[in-house]
Amino acid sequence: MPENSDYRLIWDEAINQIKEEISEQEFLAWFNLNFLEANENSFIVEVPSSFYKDQIERRFRTYIEAKIEELIGKKITITLEVKPRAPEKNNQKGEIGTNNEIPPVQAGRVSNERAASSGNSPEKAKKSPLYPLRAEYVFDTYVIGENNNFAVNVAKAIASNPGTNYNPFLIYGGVGLGKTHLMQAIGNYIYENSNNKVICVTGESFTNEFIASIKDTERVKAAFKNKYRHVDVLLIDDIHFFQGKRGIQEELFYTFEALSGAKKQMVFTCDRPPSELKDFNERLQSRVKSGINIDLQPPNYETRCAILKKKSEIINIYLSDEVISFISQNISTNVRDLEVTLPKLKGYIEVSGKPITVEIARELLKDEFVSLKPSNISIEIIQKVVAERYHLSQNDLKGKKKNQSVVFPRQLAMYIMREITEYTTTEIGQAFGGRDHTTTMHSCSKIEEKLKVEPSLESIIQGLIREIKDSSIKS
Ligand code: ADP
Ligand code: MG
């Protein structure tokens, strides 16, 4: 059995590592701990007041326990003993020497910092004391829309009562739709509101850690297993990363069994429905989908507007409703594509000192708009939406009628196809009753001329495009 001095070394090493991982301010404020003694199950540590005791219990205990577990490959508990210390003279700034003194980082400061969620400081993310949870990924900053309503309700239910219902929770869907944010919101909430031990890891880090551990000693191997099999909440992001990696799949399977047997909460994200995972252990696949599986869809126009509004407030810039509407009409792919526009807009406002108008937004974001032309929009959908808007049948639109009430919508439909799809003028002409490409070009230039003298046409076009994109997403 190791000596007390060995345990002291382990303790020192754990504290050194923690010092590297959290901010200096937090470290100075809270890590005023004296190692007293230890045995293989427990470390006894002295703290200067019951205030410290409460705060460390709440904020750092599981973190320190996990650190030691990583080092010795065994779960231990930490016992905090209050021993008031005599006030020190010439106390250095930032150190805490007296017993019931509130430390310089006030109670709740750390959590406020996390919950403030302004997301405008990447540094905040690094300060997360326990695991790579990003401070800004909380429920407060997650905009609810028809695309994610159900998923958010489930996530909140899990956050309030982890490990009871909905276990495991699988969130799947395409890139940039908010899977990681929602999963981490669960983790952040549990971290803030309970003493549950939460681990959040990407599929990639989990794999790398596993590979490193199997090359190492038995102790390190055991430490890896222990780490993941003794948590209250395990969040694994991007489990599609495990496709084709049989060893890690097996490890995850056993981790799953251990956690589900102990009624511990698991949340996974994946870029596709679980049934579409390739080269994936069948037993693991069936476990992963055995709880509740919810897909996130792209947000509709209203939700995109709400997201832009919220994100612009977070980074402290003002965008008019018109500008928000304009950008939301033009970017319908996913939330990430929507929010990457914001630094450009912010940069412009800061440099020029002027507000963003629709014209400026169009100029600043034209590359984004072009590169995001959705390729999944069909000619039929455009014809359908335009025909409906002008109370025509699709056959009228494609047919030979030459009266203005049909010609204008027909030209408009062709113009929109050129604008938002990759179809050639020939393909477009063909889709309108076998016309040739010159008709398409003629139609487009007619609309362009009209736009010059009738600016209100622009908003009609944008409205139609929005409807077309929304219909394409739903279909
Ligand atoms: P995914 O994991 O599905 O690829 P992320 O969770 O990384 O997507 O989301 C991409 C970006 O979009 C993040 O910055 C996230 O905060 C933001 N985001 C996604 N959905 C929402 C939403 N409903 N409300 C606010 N922000 C969102
Ligand atoms: Mg993600």
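Right above here is the structure, for reference.
To start, this report covers the structure provided alongside it.

A closer look at the sheet that holds strand β3 (residues 77-82)
Across the sheet, 3 strands lie side by side as β1-β2-β3; this open sheet has mixed pairing. Both edges of this open sheet fall to β1 (34-38) and β3, since each of them pairs with a single strand only. Here the average twist between neighbouring strands, direction ignored, is 30 degrees. The strands touched by helix α4 (residues 61-72) within the sheet are β2 (42-47) and β3, with β3 carrying the most contacts at an inclination of about 130 degrees.

Here's the deal with the sheet that holds strand β6 (residues 233-237)
What the 5 strands build is an open sheet, ordered β5-β6-β7-β4-β8; its pairing is parallel. Two strands bound the open sheet, and with one partner strand each, they are β5 (198-202) and β8 (292-295). The average undirected angle you get between the axes of adjacent strands in this sheet is 15 degrees. In this sheet, β6 lies alongside β5 in parallel orientation, the contact comprising 5 bridges. Bridge assignment links Thr202 to a residue of β6, and that residue is Asp237. Sheet contacts for helix α9 (residues 203-214): β5 and β6; angle to β5, the most-contacted strand, approximately 95 degrees.

Remarks on the packing of helix α19 (residues 379-389) against helix α21 (residues 404-420)
Between α19 and α21, whose axes approach to 10 Å, the crossing angle comes to 140 degrees. Considering the angle they form, α19 stands oblique to α21. α19 and α21 meet at a crossing whose hand is right-handed. Here Ile379, Ile382, Gln383 and Val386 of α19 come into contact with α21, specifically with Pro409, Ala413, Ile416, Met417 and Ile420. Among the residues forming the contact of α19 with α21, the class breakdown is 8 nonpolar, 1 polar and no charged.

Overview of the packing of aromatic side chains
Taken as a whole and judged by the stated rule, the model has 15 aromatic pairs. Three or more aromatic residues joined by ring pairs make a cluster, and in this case those are Phe206, Phe210, Phe224, Tyr228 and Phe242. Lying across the ring of Tyr137, Arg134 places its NZ or CZ 4.7 Å from the centre. In this arrangement the basic side chain of Lys245 is found over the ring face of Phe241, its NZ or CZ atom lying 4.0 Å from the centre.

Describing the pairing of β6
Look at any regular strand and the pattern is simple: side chains alternate between the two faces of the sheet. With 5 of 5 residues buried, β6 lies mostly within the body of the structure. The alternating pattern of β6 places Val233, Leu235 and Asp237 on one face and Leu234 and Ile236 on the opposite face, and all of these are buried. In terms of strand pairing, β6 meets strand β7 (residues 265-270) through 4 bridges, oriented parallel. Its bridge partner being in β7, Leu234 is matched across the sheet by Met266. The parallel pair β6 and β7 is bridged by helix α11 (residues 246-261), and the resulting crossover is right-handed.

Points about the nonpolar core
With 29 residues, the main nonpolar core has Ile382, Leu412, Ile416, Phe432, Ile447, Ile461 and Ile468 as its most contacted residues. Elements represented by at least two residues in this core include exactly α19, α21, α22 (425-431), α23 (437-453) and α24 (456-474). When residues of this core are assigned to their parent elements, the largest contribution, 9 residues, is made by α21. Leaving out residues up to four positions away in the same chain, Ile468 has contacts with Ile377, Ile381, Ile382, Val385, Ile416 and Ile420. Counting residues in each nonpolar core, the second largest holds 27 residues, with Trp30, Phe35, Ile64 and Ile68 among its members.

The rules behind these values
- Counting restarts for each chain: residues are numbered from 1 in the order of the written sequence.
- The naming scheme follows written order: chains are lettered A onward, ligands numbered 1 onward.
- Only residues with pLDDT of at least 70 are given local features in this predicted model, and only at 80 or more are side-chain atom pairs given and counted; all residues enter the totals for whole chains, interfaces and linings.
- Side-chain numbers here rest on the full set of heavy atoms in the structure, without hydrogens or water.
- The pairing criterion is simple: DSSP has to find at least two bridges between the two strands.
- Here a helix means four or more residues in a row that DSSP labels H or I, a strand means two or more in a row labelled E, and each is numbered from the N terminus.
- Only the contacting stretch of a helix is used when fitting its axis, a line to C-alpha atoms as for every element, and angles between N-to-C directions run 0 to 180 degrees.
- Contact criterion: two residues are considered in contact whenever any of their non-hydrogen atoms come within 4.5 Å of each other.
- Reported orientations rely on four angle classes, namely roughly parallel under 35 degrees, roughly antiparallel over 145, roughly perpendicular from 65 to 115, and oblique for the rest.
- In a left-handed crossing the near helix is turned counterclockwise from the far helix by less than a right angle, and in a right-handed crossing that turn is clockwise.
- Side-chain classes follow a simple rule in which Ala, Val, Leu, Ile, Met, Phe, Trp, Tyr, Cys and Pro form the nonpolar group, Asp, Glu, Lys and Arg form the charged group, and the remainder, Gly included, forms the polar group.
- Each aromatic pair joins two rings of Phe, Tyr and Trp (for Trp, the six-membered one) with centres within 6.5 Å, and gets the label stacked for planes under 30 degrees apart, edge-to-face for over 60, and tilted for any other angle.
- Whether a charge sits over a ring depends on NZ of Lys or CZ of Arg being within 6 Å of the ring centre and within 35 degrees of the ring normal.
- Note on exposure labels: buried denotes an accessible area under 20% of the residue type's maximum, exposed denotes more than 50%, and partly exposed covers the range between, all computed with a 1.4 Å probe on protein chains only.
- Orienting the strands away from the viewer, one traces the path from the first strand over the helix to the second; a clockwise path indicates a right-handed crossover.
- Residues belong to one nonpolar core when they are buried, are Ala, Val, Leu, Ile, Met, Phe, Trp, Tyr or Cys, and are joined through side-chain atoms within 4.5 Å.

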